[in-house]
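Breakdown of the fold
In case you want the letters, here they are:
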Amino acid sequence: MGLLVLASPLVLTLPWKEWVAYGALLRTMVHDLGHWAPALFMLVTALGTALGLPRLIFCTAGGWLFGFEYGFAWSHVGSLI
(Lines give C-alpha, C1' and ligand atoms only; values in the text may rest on other atoms or scores of the structure.)
Protein backbone atom coordinates (compact mmCIF):
# COMPACT_ATOMS: atom_id res chain seq x y z
CA MET A 1 0.00 0.00 0.00
CA GLY A 2 2.86 2.34 0.82
CA LEU A 3 4.38 1.84 -2.64
CA LEU A 4 1.08 2.75 -4.25
CA VAL A 5 0.95 5.98 -2.29
CA LEU A 6 4.56 6.79 -3.19
CA ALA A 7 4.04 5.99 -6.89
CA SER A 8 0.89 8.09 -7.29
CA PRO A 9 2.70 11.45 -7.72
CA LEU A 10 4.97 9.86 -10.31
CA VAL A 11 2.04 8.62 -12.38
CA LEU A 12 0.33 12.00 -12.17
CA THR A 13 3.42 13.82 -13.49
CA LEU A 14 4.06 11.57 -16.50
CA PRO A 15 3.94 13.29 -19.91
CA TRP A 16 0.74 11.60 -21.13
CA LYS A 17 0.05 14.12 -23.92
CA GLU A 18 3.49 13.56 -25.46
CA TRP A 19 3.04 9.79 -25.30
CA VAL A 20 -0.34 10.02 -27.04
CA ALA A 21 1.18 12.21 -29.77
CA TYR A 22 4.05 9.77 -30.21
CA GLY A 23 1.55 6.92 -30.39
CA ALA A 24 -0.38 8.67 -33.14
CA LEU A 25 2.88 9.10 -35.06
CA LEU A 26 3.67 5.39 -34.72
CA ARG A 27 0.20 4.40 -35.89
CA THR A 28 0.60 6.65 -38.92
CA MET A 29 3.96 5.07 -39.73
CA VAL A 30 2.48 1.58 -39.43
CA HIS A 31 -0.47 2.59 -41.62
CA ASP A 32 1.95 3.95 -44.25
CA LEU A 33 3.71 0.56 -44.44
CA GLY A 34 0.52 -0.95 -45.80
CA HIS A 35 0.54 -4.72 -46.20
CA TRP A 36 4.15 -4.94 -45.03
CA ALA A 37 3.30 -3.74 -41.52
CA PRO A 38 2.07 -7.09 -40.15
CA ALA A 39 5.04 -8.96 -41.63
CA LEU A 40 7.50 -6.47 -40.19
CA PHE A 41 5.74 -6.56 -36.82
CA MET A 42 5.85 -10.37 -36.75
CA LEU A 43 9.56 -10.30 -37.60
CA VAL A 44 10.29 -7.81 -34.82
CA THR A 45 8.17 -9.90 -32.44
CA ALA A 46 10.00 -13.08 -33.38
CA LEU A 47 13.41 -11.45 -32.93
CA GLY A 48 12.44 -9.78 -29.67
CA THR A 49 11.02 -12.99 -28.23
CA ALA A 50 14.12 -14.92 -29.33
CA LEU A 51 16.29 -12.36 -27.53
CA GLY A 52 14.32 -12.87 -24.33
CA LEU A 53 11.91 -9.94 -24.31
CA PRO A 54 8.52 -10.76 -22.78
CA ARG A 55 5.95 -11.52 -25.46
CA LEU A 56 3.25 -9.63 -23.57
CA ILE A 57 4.99 -6.41 -24.57
CA PHE A 58 4.41 -7.34 -28.20
CA CYS A 59 0.80 -8.37 -27.49
CA THR A 60 0.13 -4.94 -26.05
CA ALA A 61 1.94 -3.14 -28.86
CA GLY A 62 0.16 -5.22 -31.51
CA GLY A 63 -3.25 -4.54 -30.05
CA TRP A 64 -2.46 -0.87 -29.82
CA LEU A 65 -1.13 -0.60 -33.38
CA PHE A 66 -3.45 -2.96 -35.26
CA GLY A 67 -6.52 -3.25 -33.04
CA PHE A 68 -7.31 -6.08 -30.66
CA GLU A 69 -8.10 -8.91 -33.09
CA TYR A 70 -5.32 -8.36 -35.61
CA GLY A 71 -2.76 -7.27 -33.04
CA PHE A 72 -3.49 -10.39 -31.01
CA ALA A 73 -3.07 -12.59 -34.07
CA TRP A 74 0.10 -10.92 -35.39
CA SER A 75 1.83 -10.91 -31.99
CA HIS A 76 1.07 -14.56 -31.34
CA VAL A 77 2.15 -15.70 -34.79
CA GLY A 78 5.35 -13.69 -34.37
CA SER A 79 6.09 -15.22 -30.98
CA LEU A 80 5.44 -18.71 -32.36
CA ILE A 81 7.91 -18.10 -35.17
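See above for the structure.
To start, this report covers the structure provided alongside it. In this convention, every chain numbers its residues from 1, walking through the sequence in written order. With the structure being a predicted model, the display of local features is reserved for residues of pLDDT at least 70 and the display and counting of side-chain atom pairs for 80 or more, all residues being used for whole-chain, interface and lining totals. Side-chain calculation: all heavy atoms of the structure are included, whereas hydrogens and water are not.

Focus: the environment of Ala21
Tracing the chain through its elements places Ala21 in helix H2 (residues 16-33). Residue classification places Ala21 among the partly exposed positions, given a relative accessible area of 47%. Here the alpha-carbon distance between Ala21 and Leu33, two residues 12 residues apart in the chain, equals 19 Å. Numbering of helices and strands runs from the N terminus, with a helix taken as a DSSP run of H or I at least four residues long and a strand as a DSSP run of E at least two residues long. Whether a residue is buried, partly exposed or exposed follows from its accessible area with a 1.4 Å probe, protein chains only, as a fraction of its type maximum: under 20%, in between, or over 50%, in that order.

Some thoughts on the side chain of Thr45
By secondary structure assignment, the location of Thr45 is in helix H3 (residues 36-50). If near-sequence neighbours (up to four positions away) are discounted, Thr45 is found in contact with Phe58, Ser75, Gly78 and Ser79. The contact criterion used throughout is that any non-hydrogen atoms of two residues lie within 4.5 Å.

So, the packing of H3 against helix H4 (residues 55-66)
Where helices are involved, their axes are fitted lines through C-alpha atoms of the stretch in contact, as for all axes, and angles between N-to-C directions lie from 0 to 180°. Viewed as axis vectors pointing N to C, H3 and H4 meet at an angle of 165°, and their least axial separation amounts to 10 Å. It follows from the interaxial angle that H3 and H4 lie roughly antiparallel. Relative to H4, the crossing made by H3 is right-handed. Between H3 and H4, the residues in contact are Ala37, Pro38, Phe41, Val44, Thr45, Gly48 and Thr49 and Arg55, Phe58, Ala61, Gly62 and Phe66, respectively. All residues other than Ala, Val, Leu, Ile, Met, Phe, Trp, Tyr, Cys, Pro, Asp, Glu, Lys and Arg, Gly among them, are scored as polar; the first ten of these are nonpolar and the last four charged. For the contact of H3 with H4, the residue count by class is seven nonpolar, four polar and one charged. Roughly parallel means an angle under 35 degrees; roughly antiparallel, over 145; roughly perpendicular, 65 to 115; everything else is oblique. Crossing handedness: left-handed means the near helix sits turned counterclockwise from the far one by under a right angle, and right-handed means the same turn made clockwise.

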